[in-house]
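# A look at the structure
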Amino acid sequence: MSPQIRRLTRLVSVLRAENPGPMTLEGTNSLLLRAPGSDGVVVVDPGPDLPEHVQALAAAGPVELVLITHRHDDHTEAIDSLRKLTAAPVRAALPEHCRHGQPLRDGERLTAAGVSIEVLATPGHTSDSLSFRILDDAALTDGAAIAPILTGDTVLGRGTTMLDHPDGTLGDYLASLDRLEAAGGMGLPAHGEPLPDLAKTCRELRDHRLERLDEVRAALESMSATTQGVSADELAERIYPEVPAQVRPAARRSIEAQLAHLQRD
């Protein structure tokens, strides 16, 4: 079946890549931004290098700009294939993912395909993780106009993201949750379905991470161990016993991030 573009908000549509898995959920969401009446389109995360997916993105309209939420392959692999079809500039936090465009800066405002976009640095999953606030797409929430935010992998459509330690840190992640909670509105993640109440989701994720920290402390105490005297694998087996084998490396990295966080306390 050919890829299908689905509208999420007035200005944002999604094309989901056919790369489902334990780390990608149903697949990577390539998000397309376009104002009514605009021929052009902005692609956020071209995704994996799957020919049908890349061709569908290129066919969505003249691609004016490609934006990258972070460095992982399931978001960046198709950069050069899409650029070959569209010649569109590519901008990301890291220079190695940019093509004929400058690295993105926190607080920067862009306009492309008739859409105004604000760049938000939201590290934690990775150090280069960005979110994008769609300024012209605000919806009324409790009487206030609040713009939706493309959250990349910082906040997923369900579950909790991996902290890619040592590049991703728990301190950064908790600060990013604070920032996204304060922004509020709808969250549009790179995996899974939209989050109607981003602030509520951020609070739940913070509570979950703090509970996990308590579990790490309790496990260390029961093992009579220090943060430097136990392996992340041992703790992962205690704290994530239900995690499938293919996801265990991600659980281990998150445990490493939690141990590093506790060492700084």
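Preceding block: the structure.
From a predicted model like this one, the values you see are computed outputs, not experimental measurements.

So, about the overall build of the chain. Counting its secondary structure elements, the chain contains seven helices and 13 strands. In summary, the chain has a C-alpha radius of gyration of 19 Å against a globular reference of 18 Å for 265 residues, a match within 12%. The principal-axis extents of the C-alpha atoms in the chain amount to approximately 65 × 45 × 35 Å. Burial analysis of the chain (265 residues in total) assigns 53% to the buried set. Counting only carbon and sulfur atoms, one obtains 50% of the accessible surface of the chain, whose full area is about 11600 Å². Taking the average place of the 26 positive charges on the side chains of the chain and the average place of its 39 negative ones, the gap between the two points comes to 3 Å.

Taken as a whole, the largest pocket holds about 610 Å³ of empty space. If you go around the largest pocket, you meet 27 residues; those closest to its centre are Met23, Thr160, Thr161, Met162 and Val247. Only helix 5 (198–222) and helix 7 (248–264) provide two or more residues apiece to the lining of the largest pocket. The dominant element in the lining of the largest pocket, judged by the number of residues it contributes, is helix 7, at four residues. Across the lining of the largest pocket, the residue classes tally to 11 nonpolar, nine polar and seven charged.

A separate point is the pattern of salt bridges. Where charged atoms from two side chains of opposite charge approach closely, those side chains can pair. By the definition in use, this model includes 19 salt bridges. A salt bridge links Glu108 to Arg91; the nearest nitrogen and oxygen atoms lie 2.9 Å apart. Separated by 17 residues along the polypeptide, Glu108 in the loop between strand 6 (90–91) and strand 7 (109–112) and Arg91 in strand 6 bring together distant segments of the chain. On the accessibility criterion, Glu108 (10% relative accessible area) is buried. In this structure, a network of salt bridges that share partners links the residues Arg71, Asp164, Asp167 and Arg253.

What follows concerns the packing of helix 4 (residues 170–183) against helix 5. Packing of helix 4 against helix 5 leaves a shortest axis separation of 8 Å and a crossing angle of 155°. Here helix 5 runs roughly antiparallel to helix 4, going by the angle between their axes. Handedness of the helix 4/helix 5 crossing: left-handed. On the side of helix 4, the interface is formed by Leu170, Tyr173, Leu174, Leu177, Asp178, Leu180 and Glu181, while helix 5 contributes Leu198, Ala199, Cys202, Arg203, Leu205, Arg206, Arg209, Leu210 and Leu213. A per-class count over the contact of helix 4 with helix 5 returns 11 nonpolar, no polar and five charged.

You can see Thr126 is positioned in the loop between strand 8 (115–121) and strand 9 (130–134). Polar side-chain contacts of Thr126 include one of 2.7 Å to the side chain of Asp128. For Thr126, the side chain forms a polar contact with the side chain of Ser129, separated by 2.7 Å. Excluding residues within four positions of it along the chain, Thr126 makes contact with His70, Arg71, His72, Asp164, Asp167 and Gly168.

Parameters and conventions
Position numbers for residues start from 1 in each chain and track the written sequence from start to end. Reporting of local features is limited, given that this is a predicted model, to residues whose pLDDT is at least 70; pairs of side-chain atoms are given and counted only at 80 or more, and all residues count toward the totals for whole chains, interfaces and linings. With hydrogens and water stripped out, all remaining heavy atoms of the structure feed into the side-chain values. By definition, any uninterrupted DSSP run of H or I lasting at least four residues is a helix, any uninterrupted run of E lasting at least two residues is a strand, and each is numbered from the N terminus. It is over C-alpha atoms that the radius of gyration is taken, and the globule rule equals 2.2 Å times the number of residues to the power 0.38. For the exposure calls, accessible area comes from a 1.4 Å probe over protein chains only, and a residue counts as buried if that area is under 20% of its type's maximum, exposed if over 50%, partly exposed in between. Note on areas: these come from Shrake-Rupley sampling with a 1.4 Å probe, and a residue is covered only by the protein chains present in the view. Residues scored as charged are limited to Lys and Arg (positive) and Asp and Glu (negative), so that His and the chain ends carry no count. The atoms used to mark charge sites are NZ of Lys, CZ of Arg, CG of Asp and CD of Glu. In the cavity and pocket records, a cavity denotes points on a 1 Å grid over the protein atoms alone where a 1.4 Å probe fits but cannot get out, a pocket denotes an open set with protein on both sides within 12 Å along at least 5 of 7 lines, and lining residues are residues with an atom within 4 Å of a point. Grid points are joined across faces, edges and corners, and a volume is the space filled by probe spheres set on the points. Any residue outside Ala, Val, Leu, Ile, Met, Phe, Trp, Tyr, Cys, Pro, Asp, Glu, Lys and Arg is labelled polar, Gly included; the first ten of those are nonpolar and the last four are charged. The salt bridge definition used is simple: a Lys or Arg side-chain nitrogen within 4 Å of an Asp or Glu carboxyl oxygen. Angular values range over 0 to 180 degrees, each being the angle between N-to-C directions of two axes fitted as lines to C-alpha atoms, with helices fitted over their stretch in contact. To sort the angles, those under 35 degrees are grouped as roughly parallel, those over 145 as roughly antiparallel, those from 65 to 115 as roughly perpendicular, and the leftovers as oblique. Helix crossings fall into two classes, left-handed where the near helix is turned counterclockwise from the far one by less than a right angle and right-handed where it is turned clockwise. By definition, residues are in contact when any of their heavy atoms lie within 4.5 Å. Any N or O atom pair separated by 3.5 Å or less is treated as a polar contact, with the protein-specific requirement of one donor-capable and one acceptor-capable atom, and with residues adjacent in sequence counted only for side-chain atom pairs.

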